[in-house]
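# Residue-level structural notes
Next come the chains, spelled out residue by residue.
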Amino acid sequence: MAVPTDPSRDAAEGDRSVDSPAVPAVEVDGLTKVFKGGLGKRRFTAVRDLSLRVEPGEVYGLIGPNGCGKSTTMKAILGLLTPTEGRTSIFGRSSKEVASRQAVGFLPENPYFYKHLNGLETLVFYGQLCGLSGAALKARAMDLLKMTGLEDAADRRGGGFSKGMLQRLGLAQALVHEPRLLVLDEPTAGVDPIGSRKIRDLILEFRERGITVLVTSHLLEQLQEVCDRIGIMAHGKMVREGRLSDLIAVEDQTELIIENASDAMLEELKAVIAKGAASGARLIRAGNPRTTLERLFLEASEKANADEGKGVES
Amino acid sequence: MKLKRIVQAALVLLFLGVAKVPLEERVTERLRAENLLSPPLTLEVRENVGQMSFAAALGGLRSLVASIVYLEAYTAFENSEWAKVDSLFQLITRLQPRMVSYWEQAAAHMAYDAAAYYLKSEEIEPAVRGRLFQEHVDRGIAFLEEGLTYLPDSARLWARLGDVYKYRVKSPKKAAEAYWKAFECGRQPFLQRATAYELSVLPDEEDQRRAYELLKIRYGEGDRYPTVIAKIKQFEEKFGVPLAVRIPEAMPQRSDADPGMNAGPNVDVEGR
Amino acid sequence: MKGSYARFSLRRILALASATLTQLIRMRILVFLLIFSAIVVGVGFVFPLPTPEQQLKLLKDVSFGALQFFSVAMAVVATALLLPRDLEDRTLYTILAKPVPRHEYLLGKLLGLLALIGGGLIVMDLILCGVLYVRQEMVFQEFIAALRSEGLETPESTAEVRLMVDQQGLSWTLHAGVFAVFLKAAVISSLALMISTFASSTLFTVVCTFCAVIIGHGQQLAREFFFHRHLDGIWEKAASTVFAILAPDLQMFDIVDNVINGEAVPSGAMLSMTGMGAMYVVGYLIVAHLLFVEKEL
């Protein structure tokens, strides 16, 4: 699935980072956010001295339990709220500057759009907010609707969109101005496995095209497939951060997946492992690997679609 | 929300508030001088019109409230509730003091409708009828005079005053003065004629000569009504005007339906 | 295709204004215009009143009453819905996550609303003028026929009736009255927008704004007390000072009552009212921006 784009990607006006590869896509430095309580409410520290860095072109996953400060961090990065201490920047530009948002596309959690605007009008509206206009904007909006599978809903008003459709529309509006950074807050929440798979494929495509992605999700297995680096937050602090492969590798275990192995071959392998018992190696588990429920669903759906296609032909 | 911003906002509001008050005064005075804003409503109006209507009147709906009260007054007129008609028209004219027709109608209801009602009422003793008649005619005059304090240049109100003096008070002198004022304000030919007619019946020769001059002016402007011609012929005889200067027409036959007799299009022979 | 960021962009403001206008129109505001038309036609032709002046006056009174009701209701309720609803629905996040300065967001919203109110007033003005013109001619002919039947029809009487009917009939000053109604609505809208930047909900905004509108219609009285009459009590003095300073003088725009009566509206008066209206709108927008610019979303 291709993301429609203009081949001549000029740099955003006034962007300082173009010729400077060292400039991170997102930089959070010592971010602290304290919400002052109103009458009868106590002060609440949502984020404490948080620092993170997202390099250009990588997919960074920010995970943590509910209330750990992920959304607050995202909002601070997007300039939707002001840090109590610390600073955040996008491609070297402070988040406080409105211009910094020219390079960002944001998909909020449970996105909601104006009920009275149809799909096409919504994308044109957001495109205009980013400085786009005219027939080119309309064409781009149609392409994005096609990409997200919403072309039939182009003239349907937002009030008639399902949750999944709203999510896809949200992704389309985040992409309308070809941002260099995508911030996705729970992009697959409420989306069926097929839609979810599509979104994850898109994220991988973004990475291939050099678009930086900052994503949060509770669906950890999905993040595992797409992220390069992960930051884990808890109680407003970063508790672990690093490359995904490094974080989740069980260093002292090795996995071999063999196809069409005979029983004899398996016995030989077990014997080899037994010989290495002196060095501490041992066989933990042997058996058929399990597919995931999601993969099973996808395969079944694809087969059903294929069968239906054949039925139509005959 | 940052305290600094709240303080800034409060300061801007305060500065705006203090700066605007003298400007508001000046603009309000200017608009009142140009008769675009009515004087403030009094508490008396509030008591008479009810809270909802007072609120509506405060909210820029005075004209509508006046129209609604007018409907009530018209119903009272149909039911011959003259005291109620009087009080409601007082209220209406307070709400819209620059509406000529309200003063006009208030005066008409008092000086003609109410006065005639009491004069003809067989339930009332004859001695009292005359007094009530006069009181209501005076009430009509009072409405017109009050209206003229707000609208001193209203030809219509001066003309209606003239009508009341002519048909109700039977004072040609006062009627002539009122019609002349009306003519000065409106410059309508029939008002000049009406002045001349009233002056023509006065005993004083100076008044009669003035009537003659006005009638000649009207004649010169093209008025050929039978009454104009008849009165000119009368004065030509009385003052011994040389034949060469007299108007060529002969004395006309008098007609009861001569529209030239009346002060204007709104009145019939009884002055209504 | 990539856009570029400009510090000030009329296109962004107009995009927001257009979306706001579309939103309000698709909320079936036009139904009100139909109801208005029915009222105007009904009042114009159904109510028999004794004099032609009263007939025409009642038509104008009811029409302008509906105009004022529409504009004030829109100004309060529609404005109160804009920002709080965007915040509640989190549409505001997606908008402000784009390169949109917050003051442009406020400007765009207000402009869209004023476009709706202005457009609605223009349509209602045209309807009123059409009905008034037709009724004016009918009333004139009826009166002349009555004079004719009593043998009182003369050129002079016809001219007088024409004058009387024309004074209460269609005139250019009626449009000035409609513009004054629009100015008042603009002030109320900007006031509502300002309140909505710190209000906790739509209902709170509506209630506060209605209170401010009521106080605004009594602000002249407060000024009257402060400047021209003696107030003995310190609390009375303090209260009248506070109202005179804080509340806008909404009665200043109530020239409709006298415009209905045929009073001319000099251009100087229009400029003064427009200047005051602009001052209120700009002032309240500045305050709204100060309260909104660092509002936590």
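Preceding this section is the structure that the text describes.
The structure contained in this document is the topic of the report that follows. (Residues numbered from 1 in each chain as written. Chains lettered and ligands numbered in written order. Predicted model: local features only at pLDDT ≥ 70, side-chain atom pairs only at ≥ 80, totals over all residues. Heavy atoms only, no water.)

### Describing the nonpolar core
Stated precisely, the cut-off is as follows: To qualify as a nonpolar core, a set must consist of buried Ala, Val, Leu, Ile, Met, Phe, Trp, Tyr and Cys residues joined through side-chain atoms within 4.5 Å. Three labels apply to residues, based on accessible area from a 1.4 Å probe with only protein chains included: buried if under 20% of the type maximum, exposed if over 50%, partly exposed otherwise in between. By definition, any uninterrupted DSSP run of H or I lasting at least four residues is a helix, any uninterrupted run of E lasting at least two residues is a strand, and each is numbered from the N terminus. Residue contacts are defined here by distance: any two heavy atoms, one from each residue, within 4.5 Å place the two residues in contact.
The biggest cluster of nonpolar side chains holds 165 residues, and the ones touching the most others in it are A:Phe125 and C:Tyr105. Top element by residues in this core is helix α4 (residues 102–149) of chain C. It accounts for 16 residues. A:Phe125 has contacts with A:Tyr114, A:Leu117, C:Ala15, C:Leu16, C:Ala19 and C:Ile95, leaving out every residue within four places of it along the chain. Counting residues in hydrophobic clusters, the runner-up holds 60 residues, among them B:Tyr70, B:Ala73, B:Ala115 and B:Ile141.

### Brief notes about the packing of helix α5 (residues 100–120) of chain B against helix α2 (residues 52–89) of chain C
Threshold: To define axes, lines are fitted to C-alpha atoms, for helices over the stretch in contact only, and angles between the resulting N-to-C directions are given on a 0 to 180 degree scale. Between 65 and 115 degrees an angle is taken as roughly perpendicular, under 35 as roughly parallel, over 145 as roughly antiparallel, and anywhere else as oblique. Here a crossing is taken to be left-handed if its near helix is turned anticlockwise relative to the far helix by less than a right angle, and right-handed if that turn runs clockwise. Three residue categories are used. Nonpolar comprises Ala, Val, Leu, Ile, Met, Phe, Trp, Tyr, Cys and Pro, charged comprises Asp, Glu, Lys and Arg, and polar comprises the others, including Gly.
Here α5(B) crosses α2(C) at 135 degrees, and the two axes come no closer than 11 Å. The orientation of α5(B) relative to α2(C) falls into the category oblique. Crossing of α5(B) over α2(C) shows left-handed handedness. Two secondary-structure elements touch here, α5(B) through B:Ser101, B:Tyr102 and B:Gln105 and α2(C) through C:Glu53, C:Gln54 and C:Lys57. Taken together, the residues of the contact of α5(B) with α2(C) break down into one nonpolar, three polar and two charged.

### Observations concerning the interface of chain B and chain C
Many authors give the size of an interface as the accessible area that is lost as the parts come together. Rule in force here: Summed over both partners, the accessible surface that disappears when two parts come together, traced with a 1.4 Å probe, is what is meant by buried area. What makes a salt bridge here is a side-chain nitrogen of Lys or Arg within 4 Å of a carboxyl oxygen of Asp or Glu, nothing more. As used in this structure description, the phrase polar contact means that two N or O atoms lie within 3.5 Å; if the pair is within protein, one of them must be able to donate a hydrogen and the other to accept it, and residues adjacent in sequence are counted only when both atoms belong to side chains.
Tallying the contact residues gives 58 residues for chain B and 65 residues for chain C. Here chain B meets chain C over a buried area of about 5,500 Å², counting both sides, of which 60% is carbon and sulfur. At the junction of chain B with chain C, the criterion picks out six salt bridges. Here C:Arg223 ties to B:Glu25 by a salt bridge, and the two come within 2.8 Å at their closest N and O atoms. At the boundary of chain B and chain C, one finds 27 residue pairs in polar contact (both at pLDDT 80 or more). Put simply, the parts of the chain that give the side of chain B that touches chain C at least two residues each are α1 (3–33), α3 (51–78), α5 and α9 (189–200) of chain B. Ranked by residue count, the leading element in the side of chain B that touches chain C is α1(B), at 20 residues.

### What about the sheet that holds strand β6 (residues 104–107) of chain A?
Residue and element names in this part refer to chain A. Going by this rule: Between any two strands, pairing holds if DSSP finds at least two bridges.
Strand order in the open sheet made by the six strands is β6-β7-β8-β3-β9-β10, with mixed pairing throughout. Sheet topology places β6 and β10 (237–243) at the edges, where each strand pairs with a single neighbour. The average angle at which neighbouring strand axes cross in this sheet is 15 degrees, direction not considered. Of the strand pairs in this sheet, β6 and strand β7 (residues 181–185) are connected by four bridges, and their pairing is parallel. Each residue of the ladder has a partner; that of Leu 107, found in β7, is Leu 184. Across the sheet, helix α1 (residues 70–77) lies against β3 (59–63), β7, β8 (212–216) and β9 (229–234), angled at about 150 degrees from β8, the strand it touches most. Contacts from helix α4 (residues 163–175) reach β6 and β7, with the element oriented near 170 degrees to β6.

### Examining the packing of aromatic side chains
The test is simple: Pairs were defined over the aromatic rings of Phe, Tyr and Trp, the Trp ring being its six-membered one, requiring ring centres within 6.5 Å. Orientation was assigned from the angle between planes: stacked under 30 degrees, edge-to-face over 60, tilted for the rest.
Summed over the entire model, instances satisfying the criterion amount to 20 aromatic pairs over all chains. Note on B:Trp180 and B:Phe183: the rings are 5.3 Å apart at their centroids and 35 degrees apart in plane angle, and the pair reads as tilted. In this pair, B:Trp180 and B:Phe183 both sit in helix α8 (residues 172–186), three residues apart, roughly one turn of the helix. An angle of 10 degrees between the planes, with centres 6.4 Å apart, marks the rings of C:Tyr280 and C:Tyr284 as stacked.

### Topic: helix α7 (residues 155–169) of chain B
Note that an α-helix has 3.6 residues per turn; residues three or four places apart therefore point the same way. Selection criterion: Here a helix's expected span is defined as the number of its residues, less one, multiplied by 1.5 Å.
With 15 residues, α7(B) extends 20 Å between its outermost C-alpha atoms, agreeing within 8% with the 21 Å of an ideal straight helix rising 1.5 Å per residue. Counting buried positions over the 15 residues of α7(B) gives 14, a clear majority of the element.

### Concerning the environment of C:Thr205
Residue and element names in this part refer to chain C. Note on placement: Thr 205 falls in helix α7 (residues 202–217). We classify Thr 205 as buried; its relative accessible area is 0%. As a C-alpha pair, Thr 205 and Leu 193 span twelve residues in sequence and 8.5 Å in three-dimensional space. Ignoring any residue separated from it by four or fewer positions in sequence, one finds Thr 205 in contact with Ala 80, Pro 84, Ala 192, Ile 195, Ser 196 and Ala 199. In this structure the side chain of Thr 205 is engaged in a polar contact, spanning 2.9 Å, whose partner is the backbone oxygen of Ser 201.

### Quick look at the sheet that holds strand β1 (residues 26–35) of chain A
Residue and element names in this part refer to chain A. Spatially, four strands are ordered β2-β1-β4-β5 in an open sheet, and the strand pairing comes out antiparallel. Looking at which strands have only one partner, the edges of the open sheet turn out to be β2 (44–54) and β5 (93–94). With five bridges connecting them, β1 and strand β4 (residues 85–90) associate as antiparallel partners. Of the residues in β4, the one forming a bridge with Glu 27 is Ser 89. Across the sheet, α1 touches β1, β2 and β4, and the angle it forms with β1 is around 120 degrees.

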